[in-house]
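Structural characterization, general
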Amino acid sequence: MSSADPWQTAEIGGPKKAAVITKPAMARAVIGRAKHPVLLIGNGAGSMEIGDRKLVDYLLVLARLHRIRVIATGNINRALRERGYMNATVLPAVEAGQRIADPGWTGPGEKGPCDLAIIAGLPYPMAWTLLSGLKHFAPHTKTITLDRTYQPNATWSFANISEKDWQENLEAIVSETAGGSADV
Amino acid sequence: MLLVTEKKVSLSIKELDAGFGRIRDLSVSIGKLSTGDWAETKGPTPYPTLATLREWDHTLLSRYQPFYMPFCDLCCLCTYGKCDLTGTKKGACGISMPAQQARIVLMAACIGAATHTSHARELVTYAIRRSGRDCEIDPGGNAIGVEAPVIRLVCGEKPQTLADLETVLDYCESQITALLAATHTGQEGNYLDFESKVLHAGMIDQVGMEAADLAQISALGYPKADPDAPLAALGMGTVETDKPVILVIGHNVPPAVAIIDYLARENLTDQVEVTGICCTSVDATRYSPRAKIVGPMSWQLRYIRSGIPDVIVVDEQCVRTDAFDEAAAVGTPFIATSDKNCMGLADRTRDPADAIVADLTSGRAKGALILEPEKVGEVAVRVARAVMPARRKSATAISPEIIREKASECKECRLCQRACPNDLAIPRGMKAAAEGNLSLLSGLYDACVGCGRCEHACVHGIPVHSLIMGAAAEKIKNEKFVIRTGRGAIQDIEIRNVGGPIVLGEIPGVVAFVGCSNFANGGKEIAEMSVEFARRRYIVCTSGCAAMSIGMYRDEEGKTPFEQFPGSFAAGGIVNVGSCVANAHIAGATIKIASIFARRNLRGNYAEIADYVHNRVGAVGVAWGAMSQKAAAIASGFWRLGIPVVVGPHGTKYRRMLLGRADRDEDWYVHDQRTGENVYAGPAPEHLFVAAETKEEAMVLVAKLCMRPNDTTRGRAMKLTHYIDLYQRHQGALPEDIPRYIRTPADIPVTLKGEITRILAQSDWKEQPVPDPTLLGRNRAKERQP
């Protein structure tokens, strides 16, 4: 299955819809270009399985390789700490969205307004609404979702892809962005 | 001018020359709300209109700013449209996206407030017909002095009889009409003014709810503020299917009361089961604890399809709009009883009961609209008794063989999963079921919200929902629980006992679990949260479908939360106030703390009391499965009192949060009434409306949102202990924002003194005085100086 329809059938996007990530190179380029990205890791990342790993494992590799500041939502912070990642900023997802939308917020690292929000692991409808908030009210921020379902309100999103395709894409993103292979 | 209505006569004479002299500006009103011997001074805002409390609203909204998450990018409310409002685009009428979102929120709040107020009107009219206009409002006998805290606060009136409530509802109806008018194209255009009106709608909603519950408590003899209100049966497994079974669905109890009364008159009480879904069943158990609650609104499809009910009686609100079709599909006679919910049925109100019974029993008519509760009572009972024997003979449960057969038709296209609000892995369950393993399909039952969208999505016509229910048949059979029937109001003595500990922070908080059953992960989560907070000695309140979900959970000893914890408004209690409209008693309890404990005047004194509640009463609402517009209105009422509300993940679909910015110190100053100084009081409470992603995150938020500027050091230390403990357990670390909540070293929990002292030393923390807090400029001590 590969489709750029919203995963939840009725969650139709508006006139402005996400571009589909057709190749991992697209995501790599987007992430590589960002000056002040944040990675928002939703609670589901601790339970979503990709092969013999969890989504959170891939996301932490991405965060570490690119030194991307992490916002932990839900109660995923415990899983991050169990994996040795101690520097996440813990916020409810909607609060994170509100702050990202504020051009005066200098982000978890206080380096400047967030120009890219990488989002994964939230419940689908929650990500949908959060991305909608950012689409409309955070013109300074692009958004990319690394979940395997199409999110029309992101700037970039995968289509609805299989677990196998998802794994291949994520491995390509976390390895090639580092300029080499990265163990997950 | 002489104005005569059903409820009052008003005579006003501008100028009259008569033989006995001249009369000018004479006004006589008979039937108007009487205030008796109420000596309390009238406050500044009795019967507030749309802009009366705008300043208070803007005070709140400047601190808790809306964060909009549009659920639709377009406006399609007029023929200019559709208009694309993406980003900074404006509609043809000039409306912006923030204003449009706030407008939609206002519409939702108006729908909710209108629904409760209309329901209140039904109940007051019914109660007057049953008990007379002079029937005294009596929510708790001598145990209740402040009988109507919301009405006193908002209207500045002290209602004494049922007739007095009519005047109050006149006011509500006028306000809702004006609020709805504000959403018309070319009216309000500023998002903050829309939001202020949302808060007004919420306040009106609370007035309507209070009127509704006072009327039914007074006229129907419900438990009156009784902490030991009896327990009632809860769950599909409690239904005795060897008897005729009547199902009532909805919120307006008179038809259910009439059924119970008819059974009693005919000495049939033991011979017929009266079961219910949603708030009608809650109120039926308040009238007679022999009635049984099947479950929250999400149980409709599964229970109707089970074929167990022999007659279905629906009234209003939260009734599945296809309930009649579903009933007809399993051959269950159906009676609609509300002019707001006629279901396309022929009006048989004026027909003789015998004729209606004959038609429904024979199948000549599959349903009937009967707008007379007493007639509904007779017809429902007679039909149930007549059709039951044949229905039991023909009833067939869905067998494992049929489940396997149907499941094998599944092509795993996943359209069912994509239609499911909770993204349940239905195709995986179908595949396993086709191979004879029903456990995966059965496992979906716990998180299924019973919407049935999966079936409508299936292009192969597989009855997905029915298969899940069939696979979970054993679980359903074992749904045998108890719930404490709704007690209604909180006693004055209870308020006296806990008012001080709450305001000083020594009872860590009041947590109200309310709302619908649109849970992302099943109802067990709300039960677990309520138990967690009751064990921590918070006061836990609940109502409606949330109370049912709390009851559907047993501890290791087999006890439900209502058996584990007392029903008193005290630390460690789980207080079921009743149905949706009984939510007014929870808001009322916070208002009564200001009145009874702090001796503040309530009468038409909204802003001062809301300021008191916001700064001093550590109350939080949790609407974990909120679905409806009524839930939106209820939440809005709590917001205007400054009480935060937490919703579950689906709550983001309400499309706007009200979030504070803890990182902006300047937002968290209060006026200290003792000194007249502005004092940093920390982000307490941090948000007014926030969605949590998980149960664990919600619990941490609740503990944090219970903090208030007025907490004593001992109280703050206790609240921090709970917050930090929950945070550590669920996030695996100490919270980073601890310094924001420590005002003096005495606030530090003893067990964490060393660790927190080190944290404070490493931050730029400065000691702050504990203020006598207010957000109202006019309460500043300096301004009080002569």
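Residues numbered from 1 in each chain as written. Chains lettered and ligands numbered in written order. Predicted model: local features only at pLDDT ≥ 70, side-chain atom pairs only at ≥ 80, totals over all residues.

Let us look at the overall build of chain A. When you go through chain A residue by residue, the secondary structure sums to six helices and nine strands. The C-alpha radius of gyration of chain A comes to 15 Å, within 12% of the 16 Å expected for a compact globule of 184 residues. With the principal axes as the frame, chain A shows a C-alpha extent of 40 × 40 × 30 Å. Counting all 184 residues of chain A, 57% fall into the buried class. Look at the contacts in chain A between residues 6 or more apart in sequence, and 67% of them connect residues 24 or more apart. (Helix = DSSP H or I, 4+ residues; strand = E, 2+ residues; numbered from the N terminus. Rg over C-alpha atoms; globule rule 2.2 N^0.38 Å. Buried ≥ 20, exposed ≤ 12 C-beta atoms within 10 Å, placed from the backbone. Contact = placed C-beta atoms within 7 Å.)

Now for the overall build of chain B. What chain B contains, in helices and strands, is 30 helices and 24 strands. Computed over its C-alpha atoms, the radius of gyration of chain B comes to 27 Å, within 12% of the 28 Å expected for a compact globule of 786 residues. Reported as C-alpha extents along the three principal axes, the dimensions of chain B are approximately 90 × 85 × 60 Å. Counting over 786 residues, chain B shows a buried share of 60%. Across chain B, the fraction of contacts at a sequence separation of at least 24, relative to all contacts at a separation of at least 6, is 75%.

Moving on: the interface of chain B and chain A. Across the boundary between the two partners, chain B contributes 35 residues, which contact 33 residues of chain A. Within the residue set of the side of chain B that touches chain A, elements represented by two or more residues are strand E4 (65-68), helix H13 (415-419), strand E20 (656-659), strand E23 (687-691), helix H26 (695-705) and helix H27 (713-731) of chain B. The biggest single contributor to the side of chain B that touches chain A is H26(B), with three residues. Of the residues contributing to the side of chain B that touches chain A, the split by class is 18 nonpolar, eight polar and nine charged. (Nonpolar A, V, L, I, M, F, W, Y, C, P; charged D, E, K, R; others polar.)

With that settled, the discussion passes to the packing of helix H4 (residues 93-100) of chain A against helix H5 (residues 124-137) of chain A. Residue and element names in this part refer to chain A. Running from N to C, H4 and H5 cross one another at 15°; their axes reach a closest spacing of 9 Å. Considered as vectors, H4 and H5 are oriented roughly parallel to each other. Classified by chirality, the crossing of H5 by H4 is right-handed. Facing H4, whose interface residues are Ala 93, Val 94, Gly 97 and Ile 100, H5 presents Met 126, Leu 130, Gly 133 and Leu 134. The class makeup of the residues in the contact of H4 with H5 is six nonpolar, two polar and no charged. (Axes fitted to C-alpha atoms, helices over the stretch in contact; angles between N-to-C directions. Parallel < 35°, antiparallel > 145°, perpendicular 65-115°, else oblique. Left-handed = near helix turned anticlockwise from the far one by under 90°.)

Before going further, it helps to examine the sheet that holds strand E22 (residues 678-680) of chain B. Residue and element names in this part refer to chain B. Overall, antiparallel pairing links the three strands, which are arranged E22-E21-E24 in an open sheet. Edge strands, defined here as strands with exactly one partner in the open sheet, are E22 and strand E24 (773-774). In this sheet, E24 lies alongside strand E21 (residues 669-672) in antiparallel orientation, the contact comprising two bridges. Following the sheet pairing, Asp 672 is matched in E24 by Pro 773. (Pairing = 2+ DSSP bridges.)

This paragraph deals with the pairing of strand E14 (residues 481-484) of chain B. All names here are of chain B. Burial along E14 is two-sided: the face carrying Phe 481 and Ile 483 and the face carrying Val 482 and Arg 484 are both buried. Bridging between strand E7 (residues 231-234) and E14 involves four bridges; their strand directions are antiparallel. Within E14, the residue paired with Ala 233 across the bridge is Val 482.

Accessible area lost on assembly of the parts is the figure often given for the size of an interface. Residue and element names in this part refer to chain B. Taken domain by domain, chain B consists of domain 1 (54-220), domain 2 (231-393), domain 3 (400-477) and domain 4 (484-662 + 679-778). A C-alpha centroid distance of 38 Å is found between domain 2 and domain 4. Looking at the side of domain 2 that touches domain 4, its residues break down into eleven nonpolar, five polar and two charged. (Domains from an automatic or database assignment.)

Residue and element names in this part refer to chain A. A two-sided burial pattern is seen for strand E8 (residues 142-145), the buried positions comprising Lys 142 and Ile 144 on one face and Thr 143 and Thr 145 on the other. Pairing between strand E7 (residues 116-120) and E8: four bridges, direction parallel. What sits directly across from Ile 118, in E8, is Ile 144. A crossover links E7 with its parallel partner E8, the connecting element being H5, and its sense is right-handed. In terms of strand pairing, E8 meets strand E9 (residues 156-157) through two bridges, oriented parallel. Pairing of Thr 145 across the sheet is with Ser 157, part of E9. (Right-handed = clockwise from strand over helix to strand, strands pointing away.)

Residues and elements named next belong to chain B. With 35 residues, helix H2 (residues 97-131) extends 50 Å from end C-alpha to end C-alpha; this agrees with the ideal 51 Å at 1.5 Å per step. Most of H2 is tucked away, with 30 of its 35 residues classed as buried. One or two positions beyond H2, positive phi appears at Gly 132, with a value near 95°. (Expected span 1.5 Å × (residues − 1).)

Turning next to unusual backbone geometry. Residues and elements named next belong to chain B. Of note, the bond from Gly 81 into Lys 82 is cis; its omega dihedral lies within 30 degrees of zero at 10°. Relative to the assigned elements, Lys 82 resides in the loop between strand E5 (74-75) and strand E6 (83-84). With omega at -5°, the peptide bond leading from Ala 684 into Pro 685 counts as cis. The topology assignment puts Pro 685 in the loop between E22 and E23. Despite not being glycine, Gln 317 shows a phi value in the positive range, around 70°. Tracing the backbone through its elements, the reader meets Gln 317 in the loop between strand E11 (311-314) and helix H9 (323-329). Judged by local crowding, Gln 317 falls into the buried class, with 25 C-beta atoms found within 10 Å.

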